[in-house]
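The residues making up each chain are set out below.
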Amino acid sequence: MRLTILGSGNARQVPVYNCSCAACQRARVEAAWRRGPCCALVECGAQRWLIDSGLTDLTERFAPGSLSGILQTHYHADHAQGLLHLRWGTGLRIPVHGPQDPEGLADLYKHPGILDFSEPFAALERRMLGELSVIALPLNHSKPTLGYLFEGNGRRIAYLTDTLGVPAVSLDVLRQAPLDALVLDCSSPPQAVPNNHNDLPHALATIADLQPRHAWLTHIGHELDAWLMENPGALPAGVGLAMDGQAVCER
């Protein structure tokens, strides 16, 4: 099983338009530090599933028939805006599995085109997608949101964004066996009152609880990047920043 980070940024992305902070300046000079909309790709056997669809160039990135489907965490625009163009393709059916959200995004449900939203996940539901096992894990966010636990080829990987903390029912599932990798929402440096997303202390507390072999922070904002430039020793061993284009688990 292989998990590749395609985008590691929050809704603002990095660099932020008209921002002159150290992180945004670095990202303009060093392409490796640019962060696109938060999304990933999981591959196992013949299965190839896009996790979220905030990228606006999906029709250029993925040739027709190259995706098994899309696993949506939720329907905020920065995670689903790429569907607005993709739907107008022809001659295909692309399943989009995600949370039961009656609002969705814009008019996607009214005019789905080639997208099939007919099989939303129930909380804690397990589905077998070929050799890939997927469990939908409820998360804490302002819209119905799911994280995903992937099991296949002897690997166990969790992808959890967007969330502030992790609900107890989801933690119970995640604790059932060791995680090879955890990709976790961490949008900001330490905050007095985090809003809707993990700050660094919340993310590290979840990582300490689950004890994955490797943990990667995603949905990163420019404030966190800038703070870590000033506090380079803040991440414990085994915890890294996800970077666009990076394979965080491969086998």
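Residues numbered from 1 in each chain as written. Predicted model: local features only at pLDDT ≥ 70, side-chain atom pairs only at ≥ 80, totals over all residues. Heavy atoms only, no water.

Participant: Before we move on, could you go through the overall build of the protein and cite the residues and values that matter?
Facilitator: Within the protein, the regular secondary structure consists of seven helices and 14 strands. Expected size for 251 residues packed as a compact globule is a radius of gyration near 18 Å; at 17 Å, the protein falls within 12% of this value. Each principal axis of the C-alpha distribution contributes one length, and for the protein these read about 50 × 45 × 35 Å. The 251 residues of the protein split such that 57% are buried. Considering only contacts within the protein whose residues lie at least 6 apart along the sequence, 60% involve residues at least 24 apart. (Helix = DSSP H or I, 4+ residues; strand = E, 2+ residues; numbered from the N terminus. Rg over C-alpha atoms; globule rule 2.2 N^0.38 Å. Buried < 20%, exposed > 50% of the residue type's maximum accessible area, 1.4 Å probe, protein only. Contact = heavy atoms within 4.5 Å.)

Participant: Residue-level account of the pairing of strand S8 (residues 132–138), with values.
Facilitator: Of all seven residues that make up S8, seven are buried, and the element is covered over most of its length. The two faces of S8 match: Leu 132, Val 134, Ala 136 and Pro 138 on one face and Ser 133, Ile 135 and Leu 137 on the other face are all buried. Here strand S7 (residues 126–129) pairs with S8 via four bridges, running antiparallel. What sits directly across from Arg 127, in S8, is Val 134. Hairpin connection of S7 to S8: two residues between the antiparallel strands, including Gly 130 at a positive phi of 60 degrees. Judged from the six bridges that link them, S8 and strand S9 (residues 146–152) form a sheet pairing that is antiparallel. Note on S9: the bridge partner recorded for Pro 138 is Leu 146. (Pairing = 2+ DSSP bridges.)

Participant: Describe the sheet that holds strand S2 (residues 39–44), listing the residues and the values that go with them.
Facilitator: If you trace the seven strands from one edge of the open sheet to the other, you get S6-S5-S4-S3-S2-S1-S14, paired in mixed fashion. Two strands bound the open sheet, and with one partner strand each, they are strand S6 (115–116) and strand S14 (247–250).

Participant: Pulling in residues and values, what's your account of helix H6 (residues 200–210)?
Facilitator: The set of residues buried in H6 consists of Leu 200, Ala 203, Thr 206, Ile 207 and Leu 210. All buried residues of H6 lie within an arc of 130 degrees about the axis, which places them on one face of the element. Two residues or fewer past H6, Gln 211 is found with a positive phi of approximately 50 degrees. (Arc of directions from axis to C-beta.)

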